[in-house]
Amino acid sequence: MTFAESPRWRDGRLWFSDIFANRVMTVDESGRAEVVVEFTDGKRPSGLGFLPDGRLLIVNLTEPCVLRRESTGEIVVHADLSDLAIGGLNDMVVDDQGRAYVGSMGTHSNAEKRPLDADGVVILVEADGSARVVAERLDAPNGPAFLDGGNTYVVAEFPAQRLTAYDRGADGSLSARRTWADLAPGSADGIAVDPAGGMWCASPWTFDVRRVLEGGAVADVVSFGDRMPLACAVGGHDGRTLFVLSCVGGAEAIAARTCTSVIETIRLTSST
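Scoring rules and cut-offs
Residues numbered from 1 in each chain as written. Predicted model: local features only at pLDDT ≥ 70, side-chain atom pairs only at ≥ 80, totals over all residues. Heavy atoms only, no water. Phe/Tyr/Trp six-rings, centres within 6.5 Å; stacked < 30°, edge-to-face > 60°. Helix = DSSP H or I, 4+ residues; strand = E, 2+ residues; numbered from the N terminus. Buried < 20%, exposed > 50% of the residue type's maximum accessible area, 1.4 Å probe, protein only. Pairing = 2+ DSSP bridges. Axes fitted to C-alpha atoms, helices over the stretch in contact; angles between N-to-C directions. 1 Å grid on protein atoms, 1.4 Å probe; cavity = no way out; pocket = protein on both sides within 12 Å on 5 of 7 lines; lining within 4 Å. Points joined across faces, edges and corners; volume = space filled by probe spheres on them. Nonpolar A, V, L, I, M, F, W, Y, C, P; charged D, E, K, R; others polar.

Colleague: Can you help me understand the packing of aromatic side chains in this one?
Modeller: In this description, a pair of aromatic rings is defined by centroid distance and the angle of the planes. Enumeration over the complete set of coordinates arrives at eight aromatic pairs. A ring pair is formed by Tyr-153 and Tyr-166, whose centres lie 6.3 Å apart and whose planes are at 40°; its orientation type is tilted. Separated by 13 residues along the polypeptide, Tyr-153 in strand β14 (residues 152-157) and Tyr-166 in strand β15 (residues 162-168) bring together distant segments of the chain. Each member of the pair, Tyr-153 together with Tyr-166, is buried. Grouped by ring-pair contacts, the aromatic residues Tyr-101, Phe-146, Tyr-153 and Tyr-166 constitute a single cluster.

Below you can see the structure in the form of structure tokens.
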């Protein structure tokens, strides 16, 4: 694996994007891996999700659209977001009605001094492919998750080192924006909710994953040495395994696209 990101647990397997290798893969708990989509035309996958009928949705990093894998294996455009996106697309979370919340990163680089006038947005893509912007002025919105049975949407603003939450309406709209947790000195690329409602945050610059509670209290920290955790997902046969996707080689290797990735697991305790 070159650059594993955007994990989702479904049907007994962990699904993830191997971005620099232009493919979507799965791996089961025994370690058996499979390539399910391989792009030969330069497309690079990122965020993943599923429609209610099981068809796979894939965020395309190379142009602002969401792709759909049909039951036949054919890849088609699910939603063209070129009129709504600001900057490149990144991660995505999909609800049980097939509504996808797609982060569009804005125009500011991670290296710019914060705070700044953020211009990232979250785009809601309905199951039929229609789309609209539902949140604005976000700082490079990255990993997303649902809380409270889907009534709350949380997204990581990675450069701003915070998790931002919204109430979610019956029509998918977002309102009541608030800071769910200030993560400094850590941050969050990908995030995942555990069975007790804690938020696991992959914090690459501190080389760890952190279990954060609403308000910002850090309940647990797991260090990964020289590996940079980029994303995580909760799953497994009993829903109590945290899968952590980490980059090996550091920021320079990522920039040169010579990095590799590993997937490691943490068993969650009864309190998490």
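Right, picking up where we left off after that structure.
Colleague: I tried to follow the sheet that holds strand β19 (residues 208-212) on my own but got confused; where do I start?
Modeller: Sheet strands pair via backbone hydrogen bonds, and the direction of the pair is either parallel or antiparallel. If you walk across this open sheet you meet the four strands as β17-β18-β19-β20, and the pairing is antiparallel. Of all the strands in the sheet, just β17 (191-193) and β20 (218-223) have a single pairing partner and so form its edges. Going from strand to strand, the sheet's axes swing by 20° on average, the running direction of each strand aside. As paired strands, strand β18 (residues 199-203) and β19 are joined by five bridges and run antiparallel to one another. Counted as the bridge partner of Trp-200 is Arg-211 from β19.

Colleague: How do you make sense of empty space enclosed by the protein when you look at a structure like this?
Modeller: Take a probe with the size of a water molecule and roll it over the atoms, and the empty space left behind shows itself. A complete count under the given rule lists one cavity of 30 Å³ or more for this structure. Looking at the largest cavity, its volume works out to about 30 Å³. Lining the largest cavity, in full, are Pro-7, Arg-8, Asp-91, Gly-143, Pro-144, Gly-190, Ile-191, Ala-231 and Cys-232. Elements with a minimum of two residues in the lining of the largest cavity: β1 (4-10), β13 (141-147) and β21 (228-235). Tallied by class, residues from the lining of the largest cavity come to five nonpolar, two polar and two charged.

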